[in-house]
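One letter stands for each residue in the lines below.
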Amino acid sequence: MKKITLSIVAVLAFGFANAQDGHFKVGAHVGLPMGDFKDFYSVNLGVDVAYLWQVTDKFSAGATTGYSTYLGKTTKETFGAVVIETKGDAAGFIPVAGTAQYSISDNLFVGADLGYAIYAGSGDGNGGVIYQPKFGYQAEKFEIYAGYKGISDSGTLSSINVGLNYKF
């Protein structure tokens, strides 16, 4: 965890030192759970906030946070003539991460977020290392992306997401 924290601090310090221009991004995402916990969650929903500094013409780096929740699935068990429905708890997380984005062309980009996701759900739960590679389309005021988000501790809670960000 110390290495990740130091890496985030280094990226942010480099961004501050070389910042020529910066911008905010605010957006939302939706995704399908995958991996170790896909049987327990139905959908991933969230909001994102980021601030990026333009380091070079094609590369930006900064910090991101927001809120992401994995909604619990309703399961049904049948015992003879009796059907019991159980609604699973949602798992909420607040990511605190570094973010970077490289423009492949005027309209296409690749990016990644790396940091720690603080567990903010009800009941027992742990946070974990969060990572999210992204690929997307960008215009002057917005961007649309597809990404894979993973939150790893003793297992990996992950999802394939699509998102929309407004830039200002």
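Structure's up top.
A.B. asks: Honestly, a nonpolar patch on the surface in this entry has me stumped. Any pointers?
C.D. replies: Side chains of Tyr 102, Ile 104, Leu 108, Val 110, Phe 135, Tyr 137, Phe 142, Ile 144 and Leu 164 sit close together on the surface and give an oily, nonpolar patch of about 790 Å² of accessible area. Tracing the backbone through its elements, the reader meets Leu 108 in strand 7 (residues 108–119). According to the relative accessible area criterion, Leu 108 is partly exposed, its value standing at 33%.

A.B. asks: Even after reading the chapter, I still don't get the nonpolar core, so can you show me in this structure?
C.D. replies: Soluble, globular proteins show a tendency: their nonpolar side chains are buried together. If you look at the biggest cluster of nonpolar residues, it comprises ten residues: Tyr 41, Tyr 70, Ala 91, Phe 93, Ala 97, Ala 117, Tyr 119, Ile 130, Ile 151 and Leu 157. Taken together, the elements giving at least two residues each to this core come down to strand 6 (91–103) and strand 7. A per-element tally of this core places strand 6 first, with three residues. Setting aside its immediate chain neighbours within four residues, Tyr 41 contacts Pro 33, Tyr 70, Leu 71, Gly 72, Lys 73, Asp 89, Ala 90, Ala 91 and Leu 157.

A.B. asks: Would you take a moment to explain empty space enclosed by the protein for this structure?
C.D. replies: By rolling a water-sized probe across the atoms, one finds the places where empty space is left. Under the definition given, this model contains one cavity of 30 Å³ or more. Approximately 200 Å³ is the volume attributed to the largest cavity. Here the lining of the largest cavity gets four residues from one element, more than from any other, and that element is strand 6. Considering only residue class, the lining of the largest cavity consists of eight nonpolar, six polar and five charged.

A.B. asks: Explain the side chain of Lys 25 to me, please; I cannot follow it from the model alone.
C.D. replies: Structurally, the position occupied by Lys 25 is in strand 1 (residues 21–35). The exposure class of Lys 25 is buried, given its relative accessible area of 6%. Looking at Lys 25, its side chain comes within polar contact range of the side chain of Glu 143, at 2.7 Å. Setting aside chain neighbours within four positions, we find Lys 25 in contact with Asp 48, Val 49, Ala 50, Leu 52, Gln 101, Glu 143, Asn 165, Tyr 166 and Lys 167.

A.B. asks: Looking at this model, I keep getting lost on the sheet that holds strand 3 (residues 59–72). Mind explaining?
C.D. replies: By way of backbone hydrogen bonds, the strands of a sheet pair with one another, either parallel or antiparallel. The sheet built from eight strands closes into a barrel, its strands ordered 1-2-3-6-7-8-9-10 with antiparallel pairing. Neighbour-to-neighbour, the strand axes of this sheet turn through a mean angle of 25°, independent of strand direction. Here 13 bridges tie strand 2 (residues 41–54) to strand 3, and the two strands are oriented antiparallel to one another. For Val 49, the partnering residue across the bridge sits in strand 3 and is Thr 65.

A.B. asks: Help me understand the pairing of strand 2, please; the structure alone is not making it clear to me.
C.D. replies: Looking along a regular strand, one sees side chains alternate from face to face of the sheet. One ladder, built from eleven bridges, connects strand 1 with strand 2; its direction is antiparallel. Residue pairing for strand 2: Asp 21 is matched across the bridge by Gln 54. Counted along the chain from strand 2 to the antiparallel partner strand 3, the turn is four residues long.

A.B. asks: Explain the packing of aromatic side chains to me, please; I cannot follow it from the model alone.
C.D. replies: What describes a pair of aromatic rings is the distance from one ring centre to the other and the angle between the planes of the rings. All told, the structure shown has ten aromatic pairs when counted by the stated rule. When the centroid spacing of 5.6 Å and the interplanar angle of 75° are considered together, the rings of Phe 93 and Tyr 119 count as edge-to-face. Within this pair, whereas Phe 93 is found in strand 6, its partner Tyr 119 is found in strand 7, the two being separated by 26 residues in sequence. The exposure class assigned to Phe 93 is buried, which follows from its relative accessible area of 5%. In this structure an aromatic cluster arises from ring pairing among Phe 24, Tyr 51, Trp 53, Tyr 166 and Phe 168. When the ring centre of Tyr 145 is taken as origin, the NZ or CZ atom of Lys 134, which lies over that ring, is 4.8 Å away.

Scoring rules and cut-offs
- Residues numbered from 1 in each chain as written.
- Predicted model: local features only at pLDDT ≥ 70, side-chain atom pairs only at ≥ 80, totals over all residues.
- Heavy atoms only, no water.
- Patch = residues over 30% accessible without salt bridge, like charges linked within 9 Å, V, L, I, M, F, W, Y side chains within 5 Å.
- Areas by Shrake-Rupley, 256 points an atom, 1.4 Å probe, with all protein chains shown as cover.
- Salt bridge = Lys/Arg side-chain N within 4 Å of Asp/Glu carboxyl O.
- Helix = DSSP H or I, 4+ residues; strand = E, 2+ residues; numbered from the N terminus.
- Buried < 20%, exposed > 50% of the residue type's maximum accessible area, 1.4 Å probe, protein only.
- Core = buried A, V, L, I, M, F, W, Y, C linked by side-chain atoms within 4.5 Å.
- Contact = heavy atoms within 4.5 Å.
- 1 Å grid on protein atoms, 1.4 Å probe; cavity = no way out; pocket = protein on both sides within 12 Å on 5 of 7 lines; lining within 4 Å.
- Points joined across faces, edges and corners; volume = space filled by probe spheres on them.
- Nonpolar A, V, L, I, M, F, W, Y, C, P; charged D, E, K, R; others polar.
- Polar contact = N/O pair within 3.5 Å; in protein donor to acceptor, adjacent residues only side chain to side chain.
- Pairing = 2+ DSSP bridges.
- Axes fitted to C-alpha atoms, helices over the stretch in contact; angles between N-to-C directions.
- Phe/Tyr/Trp six-rings, centres within 6.5 Å; stacked < 30°, edge-to-face > 60°.
- Lys NZ or Arg CZ within 6 Å of the ring centre and 35° of its normal.

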